[in-house]
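Commentary on secondary and tertiary structure
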Amino acid sequence: MHLSRQGIYDQLTSEAGEKFPATAAQYAVDHLQADYNANVLAKAKDYRKQQDMSDNELREQLTSDSGEKFTPQEADYAIQHLND
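Below is a short write-up of the structure.

**Considering the overall build of the protein**
Helix and strand counts for the protein come out as 5 helices and 0 strands. Each helix and strand of the protein, placed in order from N terminus to C terminus, yields the pattern α-α-α-α-α. A principal-axis box enclosing the C-alpha atoms of the protein has dimensions of 40 × 25 × 20 Å. Considering the protein as a whole, with its 84 residues, one finds that 30% of them fall into the buried category. Residue pairs in contact within the protein that sit at least 24 positions apart in sequence constitute 47% of those at least 6 positions apart.

Below, the structure written as structure tokens:
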């Protein structure tokens, strides 16, 4: 799973997810050594391949609170490196 920092936190604390207390989830994401640029790029490539999204649509999906919840900077990184 190629999750954003916020996506990991939400999964850990969600009633439908892992149900960890907020403090434990925050500790986990603070100490996780994840490459969020790699995660966002993989997610962007999946979206581009499966749904043929424009750059603007892709950026919105990657940063949306109801989408992937990556930062705008991470989304920009992904869009800039889609063809690498």
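**Notes on unusual backbone geometry**
With phi around 65 degrees, Lys-19 is a residue other than glycine that occupies positive phi space. You can see Lys-19 is positioned in the loop between α1 (5–13) and α2 (22–31).

**Examining the pattern of salt bridges**
Summed over the entire model, instances satisfying the criterion amount to 4 salt bridges. With a closest N to O distance of 2.3 Å, Lys-69 and Asp-10 form a salt bridge. Note that Lys-69 is positioned in the loop between α4 (55–63) and α5 (72–80) and Asp-10 in helix α1, a separation of 59 residues in sequence. For Lys-69, a relative accessible area of 25% translates into the label partly exposed. What makes Asp-10 partly exposed here is its relative accessible area of 22%. Put simply, Asp-76 and Arg-59 hold a salt bridge, and the shortest N to O gap is 2.8 Å. Highlighted residues: Asp-76 in helix α5 and Arg-59 in helix α4, separated in sequence by 17 residues. Its relative accessible area of 30% is what places Arg-59 among the partly exposed residues.

**Quick look at α5**
Restricting attention to buried positions, one finds in α5 the residues Glu-74, Ala-75 and Ala-78. The arc enclosing the buried residues of α5, seen along the axis, measures out at 100 degrees, which places them on a common side. For α5, the exposed residues lying more than 90 degrees away from the buried face are Gln-73 and Gln-80. Buried residues along α5 sit against α3 (36–51) and α4.

**Thoughts on the nonpolar core**
Counting 11 residues, the largest nonpolar core is built from Val-40, Leu-41, Ala-44, Tyr-47, Met-53, Leu-58, Leu-62, Phe-70, Ala-75, Ala-78 and Leu-82. Elements with a contribution of two residues or more to this core: α3, α4 and α5. Per-element tally for this core: the top contributor is α3, with 4 residues. Ignoring sequence-local partners within four residues, the contact set of Val-40 consists of Leu-62, Phe-70, Glu-74, Ala-75, Tyr-77 and Ala-78. Counting 6 residues, the second-largest nonpolar core is a separate cluster that includes Ile-8, Leu-12, Val-29 and Tyr-36.

Reading the values: the criteria
Residues numbered from 1 in each chain as written. Predicted model: local features only at pLDDT ≥ 70, side-chain atom pairs only at ≥ 80, totals over all residues. Heavy atoms only, no water. Helix = DSSP H or I, 4+ residues; strand = E, 2+ residues; numbered from the N terminus. Buried < 20%, exposed > 50% of the residue type's maximum accessible area, 1.4 Å probe, protein only. Contact = heavy atoms within 4.5 Å. Salt bridge = Lys/Arg side-chain N within 4 Å of Asp/Glu carboxyl O. Arc of directions from axis to C-beta. Core = buried A, V, L, I, M, F, W, Y, C linked by side-chain atoms within 4.5 Å.

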